[in-house]
Amino acid sequence: MVTVNCDACRKKMDNPALPFFYFGEFSICESCRDNLESQIRPAIRGKAPFTTDWYDRFVRDSITKAIQKGK
Ligand SMILES: [Zn+2]
């Protein structure tokens, strides 16, 4: 059986098929994903012009910070 740990909160997920969000090499559980999205969404709204490069970097930074904080 495949088990995956959330990269941010380290919670182990026995069935990672559905509730996981993958971004590049990161695996993020649903609750951490909600946290990230609540940070990312307002930032996207304030960002003009929007570029995918910026978005990519921003999401990566946000995930890295979440990993450092452990949630
Ligand atoms: Zn998590």
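Here, residues in each chain are numbered from 1, in the same order as that chain's written sequence. With the structure being a predicted model, the display of local features is reserved for residues of pLDDT at least 70 and the display and counting of side-chain atom pairs for 80 or more, all residues being used for whole-chain, interface and lining totals.

**With respect to the confidence of the model for the protein chain**
Confidence of the predictor in every single residue is expressed as pLDDT, which spans 0 to 100. Per-residue confidence for the protein chain gives a mean pLDDT of 84, with 86% of residues at or over 70. The numbering of helices and of strands both runs from the N terminus, where a helix is a DSSP run of H or I of at least 4 residues and a strand a run of E of at least 2. The lowest-confidence element of the protein chain is strand E3 (residues 21-23), averaging 70 in pLDDT; the highest-confidence one is helix H2 (residues 52-69), averaging 91.

**A closer look at the environment of Gln-68**
Structurally, the position occupied by Gln-68 is in helix H2. Residues Gln-68 and Asp-7, spaced 61 residues apart in sequence, show a C-alpha to C-alpha distance of 9.6 Å.

**Section: the packing of helix H1 (residues 30-45) against H2**
Geometry is summarised by axes, namely lines fitted to C-alpha atoms with helices restricted to the contacting stretch, and by angles between N-to-C directions that run from 0 to 180 degrees. The interhelical angle for the contact between H1 and H2, taken along N-to-C directions, is 135°, at an axis separation of 10 Å. Taken together, the axis directions place H1 and H2 in an arrangement best described as oblique. Handedness of the crossing formed by H1 with H2: right-handed. Here Cys-32, Asn-35, Leu-36, Gln-39, Ile-40 and Ala-43 of H1 come into contact with H2, specifically with Phe-58, Val-59, Ser-62, Ile-63 and Ala-66. For classification purposes, angles smaller than 35 degrees are called roughly parallel, those larger than 145 roughly antiparallel, those between 65 and 115 roughly perpendicular, and all remaining angles oblique. A crossing counts as left-handed when the near helix is turned anticlockwise from the far one by less than a right angle, and as right-handed when that turn is clockwise. We call two residues in contact if the C-beta atoms placed from their backbones are at most 7 Å apart.

**Some thoughts on the nonpolar core**
By our criterion, buried Ala, Val, Leu, Ile, Met, Phe, Trp, Tyr and Cys residues that link up through C-beta atoms within 7 Å make up a nonpolar core. Working definition of burial: number of other C-beta atoms within 10 Å of the residue's own, with buried at 20 or more, exposed at 12 or fewer, and partly exposed in between, all C-beta atoms being placed from the backbone. Core analysis: the biggest nonpolar cluster contains eight residues, these being Cys-6, Ala-8, Ile-28, Cys-29, Cys-32, Leu-36, Ile-63 and Ala-66. Those elements that provide at least two residues to this core are H1 and H2. Leu-36 has contacts with Ile-28, Ser-62, Ile-63 and Ala-66, leaving out every residue within four places of it along the chain.

**What to know about unusual backbone geometry**
Ala-48 connects to Pro-49 through a cis peptide bond whose omega is -5°. By secondary structure assignment, the location of Pro-49 is in the loop between H1 and H2. Despite not being glycine, Arg-10 has its phi angle at roughly 70°, a positive value.

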